[in-house]
Structures are given as structure tokens and as C-alpha cells.
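Below are the chains, spelled out letter by letter.
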Amino acid sequence: MMSESEEHGSLLEKINEKIHEYKHSSSSSSDSDDDKKAKKSKKKKLFGRKHPLHHVLGGGKAADLVLWRNKQTSGSILAGVTVIWLLFEGIGYHLLTFLCHTLIVFLTVWFIWSNAASFVNRSPPKFPEVILSEVQCLKIAHIARKEINEAFYTLRNVASGKDLKTYLMTVAVLWFISIIGSCFSFLTLSYTIFLMAYTLPMLYEKYEDQVDVVGEKALIEIKKQYKVIDAKLLSKIPMLAEKKQH
């Protein structure tokens, strides 16, 4: 009897030890998972972003399209824009001809449908009423006026000669855009910009961690190169040197 009780007690002790080991390993693994999540949350986002990408893009239907939440809808829009680009760039279709042909097809379909509805005992189609309200027109005009005024204000500041650094950066950007514009037509350039704006956010969201790491390294390298240029070239320009002293 004593041997059986001793064996029973040793068995219970082994079971308790296994339970404690399991609890310790599970707690340590959960702690390590929490540490990983904390480290991941502490990672710097590209351009100092603090909110999710969907929130940065506005969080509405436009953000859903750009981030391809509905792949069928986003793919249809991309396919439609690609077809239009191929019509103009590949086949040589002209914009005015395209608009006229599109209106002819649209009006013909609606005209035949409206007249054929009476023969098949169906109600004619209801043409949608599109009316721009005065409030919407004033809002659009206000936004356009604000953007145009800001553009003129920026151009005036650059041309005034007060900030040489801004002037050099503006000239460099315009020169770069002119080089790109000489390589592509305006339509192809517009389509390329649309393609990048429509697909890059989705790809960035998919590979966010990898892009953030590479982007942070690239920004650090750009800052280093700018300091070198500033020390060797910009600091020797009298206008910029006087501003730094003040």
C-alpha cells in the first residue's frame, strides 16, 4: 500500500510540474508576442504617418477604390481607363471624335429603347436628371479660386528673389518634369500618373513594413547628401550664408 501511495504521489508531482512548465512557456510566449507587437507599433511610418493609410486617403469610397477593397470595381475602372488610353494613343483616336461617337451611341440606344418600350408593353426608360445646384457651383468655384491664389502666391514668392533655396528647388523640379515631358506625350504621362496613383497605395499597404524600412533608409541617405551639398555648394552662396548667420 505504501508503494502504491508513493507512486501515486510521485505521479501527481510530475503532473503538477508539467502544468507549471506549460504555464511558464505559454506566458513567456505571450510576453514575446506582446513585445513583437510593441516593437511593430513603435516602427516609424513613412513620412511620419500616424494613422492607417485608409484614413489618410479620406476613408470614403475613393479610398476603397484606390486600396482595391472591391477588386472587381477597381479592376473595371482601371480596364476602362486603359481602353480609353489605347484608343487615343495606340489607334490615334481624337478626343472630339471620341466624345461625338460616344454621344451618338448613347442617344441612339436611349432613342430606340424609348420607342420600342411601347411595343413590348413596358415603361420607357427614365433619363436621369442632372442639375447642378448653385451651392455646388459656388463651392467648386471657391475651391478653384483658393488653389489658384495659392499657386500665384507661391510663384510670386519664388520669383521675388527672397529665398534662393526655394527658387533652386523649384527650377530643379520643373527641369525634371520638362525632361519627362519630352520623353512621353501628355496623354501617356497622364495615364502613367493615374496608374501610379491607382496602384501604388494598394501595393504599399500590402508591403507596408518592408517599404517603411527602405523608405526610412532612403530619407536618411537623402538628408546626408543634402548636408554634403549644403556644406560644399549652398553655404558658399552669399545670400544663403547671410540668412544662416541671421
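Residues numbered from 1 in each chain as written. Predicted model: local features only at pLDDT ≥ 70, side-chain atom pairs only at ≥ 80, totals over all residues. Heavy atoms only, no water.

- The protein is annotated in an unreviewed UniProt entry as Reticulon-like protein of Urochloa decumbens.
- Recorded in UniProt under Subcellular location (unreviewed entry), the annotation for the protein is "Endoplasmic reticulum membrane". (UniProt positions renumbered as here; feature names shortened; annotations may be inferred.)

Brief notes about the packing of aromatic side chains
So, step 1. Applying the stated rule across the entire model yields seven aromatic pairs.
So, step 2. Centroid distance F88 to F98: 5.3 Å. Interplanar angle 70 degrees. Geometry classified as edge-to-face. Placement of F88 in helix α4 (residues 71-90) and of F98 in helix α5 (residues 95-116) is noted, with a sequence separation of 10 residues between them. Each of the two residues, F88 as well as F98, counts as buried.
So, step 3. Each ring, one from F106 and one from W110, has its centre 5.8 Å from the other, and the planes form 50 degrees; the classification is tilted. (Phe/Tyr/Trp six-rings, centres within 6.5 Å; stacked < 30°, edge-to-face > 60°. Helix = DSSP H or I, 4+ residues; strand = E, 2+ residues; numbered from the N terminus. Buried < 20%, exposed > 50% of the residue type's maximum accessible area, 1.4 Å probe, protein only.)

What about the pattern of salt bridges?
Think of it this way: side chains of opposite charge can pair up when their charged atoms draw near.
So, step 1. This structure, assessed with the given rule, holds one salt bridge.
So, step 2. For R69, the salt bridge identified is with E205, shortest N-O distance 3.0 Å. With R69 in the loop between α3 (61-66) and α4 and E205 in helix α8 (residues 186-206), this residue pair connects regions lying 136 residues apart in the sequence.
So, step 3. A relative accessible area of 44% means that R69 is categorised as partly exposed.
So, step 4. Residue E205 is classed as partly exposed on the basis of its relative accessible area of 28%. (Salt bridge = Lys/Arg side-chain N within 4 Å of Asp/Glu carboxyl O.)

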